[in-house]
Each structure stands twice: as structure tokens, then as C-alpha cells.
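Residue strings, one per chain:
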Amino acid sequence: MASRRRFLVTSSGLIVATPLAGAWASKSDSDPFQLGVASGCPRPNQVTLWTRLAPAPLQGGGMPDEDLTVRCRISRDSEMRTSIVDTLVNAPAEDAHSVHFIAKGLAPNTEYFYQFYVGEDASPIGRTRTAPAPGDERTIRLAVASCQHFEAGYYAAYADIARSLPDLVVHLGDYIYEYGPRPLGRGTHPLQPDVEINVVRQHASPEVVTQWDYRNRYAQYRLDPDLQAAHAAAPWVVSMDDHEIDNNWAGYHPEDPHRQTDLEFRVRRWAAMKAFYEHMPLEHPPRLNNLDASLQIYDQFQFGSQLNLMLLDTRQYRSDQPCGQAFPADDDCSDRHDPALTMLGQNQETWLKGALRNSDTQWNLLAQQTWFSEFRYPEERYNMDQWDGYTAQRGRLMDELANPQLSNPVILSGDWHCGAGFDVLKDFSQPDSEKVAAELAVTSISSPCLWSSAVAAAVPDNAHTKYYGGDQRGYLWCEISSENMIAENRVVVAPDRVDSVVVNHASLRVEAGKRGLDRL
Ligand code: FE
Ligand code: CA
């Protein structure tokens, strides 16, 4: 419960911060800044700053049911000695007292520090960085992350990211998992009895369904100090995959339609999108049109003349998976070639084609969720939750990527909990076919790769696989210069240790002008 001294009610009814410059809060139970700070959506002249007031993070936040204002300062120095911005920003009760402050008028390619204050409490200090201006040729350093099941391991990968101070962190989804808790300790996985898993910590509630549940779930994840440190170290660009709502959902189709009605899933989808927004440094809130919730995720972010990052959304507008959700599908399924099936939806596909045709940067990254390249398992089986379930739209995109006018396309993917690198071939059945692009698949921050032996066994039958990292936790560290994009698969040595060492397992290179991948 927030104590009275922290929030002063003014004559206008607003509750405002008492301005105590530079004060550091004692981290008591009622500290409203336990969820830390974050920044995101970096542009040359702006960045979005985030915090959420939640003195009782696992019980709905614990704030009074009133809109608040919070003081925000931005500084050029890491100790916040002088302010270049000092203002009051809104923390609406309707948004769980989250703050989304789009700080405008900033200088390009500049490091900033920021801090929030309310009552006697001050947030941790965050570091962020604006994007370089168009024409700037400097090297871009980015970390790519996905899939961070809280129970399956600690976040040593995020500690490593936080230490490295990247220009940008790109998150490809599965930021939370919706499931209830599993028993602590070593055991077998319910879906994969031959795979041992180690549950190192537990979800605090059963499977999340309501807005209350999702808020508390995000709060539980965000209480992790290493995740918090990575948010405080760099701006993020975030997307959703499936577990932010429900395993393998697509459009308005839940994983298990027999367990939730259409109406229940629509309400759930809205609650999940709302809670995602409330915990992320996003520019746009979700919209509700009758019972249709939508969240603008697909977008592009330009970093000087080097990088155009196109962030895709492969869940919200997706057709239901063809031939069921079995992995891999029991046998080849001709429906997966249906040209009406879509991962992106028509509007996003049209937008993406335009973005690719108009792009003039040296590198063009498609940051999206599931494996893009074909990956054939024995007996012609494929994973219908990946692009193999949507081959017609993949083919249309590959035609765009093959455009010789397009400079250096590279696809980033997550979701599959194992690191890999592919040459995206015009014809995957012909190993010497034209290389259209390179694909870099990031492993998971903490989620186990229950299917790693099936993937490893299939690698020899997929000759376009240039690298397979196996069942290891970690992230991709990418350095993008005029000559090269170099990606390191950095892996966590001991996923069940908070303080695990993180090492480079492999370095992959895409040379400018060559569309394929080399292992260094
Ligand atoms: Fe995942
Ligand atoms: Ca996923």
C-alpha cells in the first residue's frame, strides 16, 4: 500500500511528485519503482521512456485508483547532475500507472540518461541512445533476444547484454510465458518425457487469462534484476510472439478453441495486449474497436545510412496454422501452399513491400518471430507454426528480397529456442540455388529447446543450414558496418546459475554484397 507521504493530492485532484532532485529511494517494500525503467523506439530525435508505479508489483501494482503525474528528468551525464529535460509526465490509473513519455527534440546518435521521481522515491537511472541521423555511416551494435521462460533459467544473458551497452536491443517475442507453475527442480517435461528440464523458479499464478493476471505476470518477470538492467542499459524495440497471449495463437484463433470461447479469447487478447503495452516502452497504446483489440507492432527504425530495421508482426494478422498444430506435422500438407494463407496479413505485406522498395540503407533487417527458411524434418514433415506453413506468402517475400536494388537483406528470427544460421535460397531443394538473403535465428534467453535432437538430426537434410547451435541459452550480438554484418551466438554456460559466464559459441558473417552466410 502506498503511504500518504509519497503522493500529494493537489487542489486540481491530481497527485503529483514532490520534487526531490537526485534523491535515491531506500528499496523498501513500498518503493513504487521496483519494476525499474526502460526506453525504446529510438529515432534520430526521440526516444520513448518508460516506468510503472507499482509498490506491490505482484498484486496489481498497489497504487491508489487515481491518475498520477511523475517527474522525469533527462540528462547527458550518468549521475543526472544537470537536466536537459525536467517535466511532469502522466501515469494513468487506466494504464496500471505506467508512463510512456515520448521525449522529443533530442540530438541524433547521442547517449542520454533519465530518471523518474514520485514522492520521496527515485527510480533507477536509465541509459538510452538516439538513432544516428540519415547519412551517418557509423557501425551499429545490437543485441537480439527472444523466449525467456522465467522458470527454465536465470537471465545471465541479459546481464551480459547490460554490460555491453548496445545501441539497441531487439526482442522477437515470448517475453513472458502464460503457463502456470511447474514443480521446482529437475524433472521431465510433460510434453517431452525424454527431455530433462530444471525448474529454477516458479510462476506466481496459474495460467494467465485476465488483465490482472497478465499485469502480475509481466511484473514478476520485470522484477528480475538482470532483465531490468538490460532495459536500463539500452533502448529496446519489442514485438510479440505467441506466449504473450496463448501458445501458437493466430489472429483470433487460440491454441485450444475447445477450452475458450471466441468471446473469451477476444477479451483475453485485449487484456494481454494492454498489459504488454503497460510494460513496454511503446509509442502507441493498443486500440479496442468493439471486441477487436489491435496493437501496432510492425514498424521500421532507421539507424543512419547503415541499417533499416523492419519489425514484423507474424501473429496478429495470421491465418490459423494449416493441418493442425502438431510439430512437425504428421506428413506433408498441401494446404500449407494455399496462397490465401498469410503470416502478415494483406496490409502488412503491402507495407513491407513498400518499405523494402524505398529503403536506401546498406543493410535491411527483417526482425520477426519464427524461422523463415524451409526446414524439412524426416518424411517431408514441416513445422506449421513457422513460415513452412505459409509458403506462398514466403515466396512473394522472397521475390522482393531477391530484388537486386535491395541492399543486403538479412532476416532475424526467434521462437525456436536454438541458434542457427541459414542461406535463404531461391529454391531450397537445390543447394546451389541463388542466395536471396541470410537468416540468423537467435536462441532463447532461457526457454529450453525440447526438440533440439529432432532439429540436429534434420540438419544434414537441410544443406542451406550454415550453423546450428543446439540446445543452448543466449542471444545474438550483431555488429553492422559498411563492409560486414557479424553476428555472435553468445551462449550461457550454466543456465541454472544467476552469475553464469556467457561465451561466444560461433561468429557468423554476412559480407556486404554477398547474400549468404559464412562461419568465421
Ligand atoms: Fe518461445
Ligand atoms: Ca513462440
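Residues numbered from 1 in each chain as written. Chains lettered and ligands numbered in written order. Predicted model: local features only at pLDDT ≥ 70, side-chain atom pairs only at ≥ 80, totals over all residues. Heavy atoms only, no water.

> Looking at this structure, I do not really get the pairing of strand S7 (residues 98–103). What am I missing?
Side-chain direction in a regular strand flips from residue to residue, so the side chains alternate between the two faces of the sheet. Among the 6 residues of S7, 5 are classified as buried, and the element is accordingly described as predominantly covered. For strand S4 (residues 47–52) and S7, the ladder comprises 6 bridges, and the chain directions are antiparallel. From the neighbouring strand, Arg 52 faces S7, where its bridge partner is Ser 98. (Buried < 20%, exposed > 50% of the residue type's maximum accessible area, 1.4 Å probe, protein only. Helix = DSSP H or I, 4+ residues; strand = E, 2+ residues; numbered from the N terminus. Pairing = 2+ DSSP bridges.)

> How should the pattern of salt bridges be read in this particular structure?
If charged atoms from side chains of opposite charge come close, those side chains can pair. Counting across every chain of the model gives 39 salt bridges. Between Lys 274 and Glu 278 there is a salt bridge whose closest N-O contact spans 2.8 Å. One end of the pair, Lys 274, and the other, Glu 278, are both in helix H4 (residues 262–278), 4 residues apart, so they sit about a helical turn from each other. Residues Glu 434 and Lys 426 are paired through a salt bridge, measuring 3.8 Å at the closest nitrogen-oxygen approach. Glu 434 sits in the partly exposed class, given a relative accessible area of 43%. Residues participating in the shared-partner salt-bridge network are Asp 95, Arg 215, Lys 274 and Glu 278. (Salt bridge = Lys/Arg side-chain N within 4 Å of Asp/Glu carboxyl O.)

> Before we go on, may I ask you to explain the coordination of the calcium ion (ligand 2) in this structure?
Tetrahedral coordination by four donors puts the ideal angle at the metal at 109.5 degrees, and octahedral coordination by six puts it at 90 or 180 degrees. Note on the calcium ion (ligand 2): its protein donors are Asp 174 (OD), Asp 241 (OD), Asp 242 (OD) and Asp 415 (OD). The metal-donor distances range over 2.3 to 2.5 Å. If you list the donors of the calcium ion (ligand 2) from N- to C-terminus, the spacing comes out as D-x66-D-D-x172-D. Between the calcium ion (ligand 2) and the iron ion (ligand 1), both coordinated by Asp 174, there is a metal-metal distance of 3.7 Å. Taken individually, Asp 241 and Asp 242 each receive the classification buried, so the pair is uniform in this respect. (Donors = N, O, S within 2.8 Å, 3.2 Å for Na, K, Ca; no water.)

> Can you help me understand the state of the cysteines in this one?
Note: disulfide means a covalent bond formed between the sulfur atoms of two cysteine side chains. Scanning the entire structure with this criterion turns up 1 disulfide. Just so you know, Cys 72 is unpaired, no disulfide at all, and the nearest cysteine sulfur is the one on Cys 41, 16 Å from it. With no disulfide partner, Cys 478 has as its closest neighbouring cysteine sulfur the one in Cys 147, 16 Å distant. (Disulfide = S-S within 2.5 Å.)

Note that all results are geometric; they support no functional claim without further evidence.
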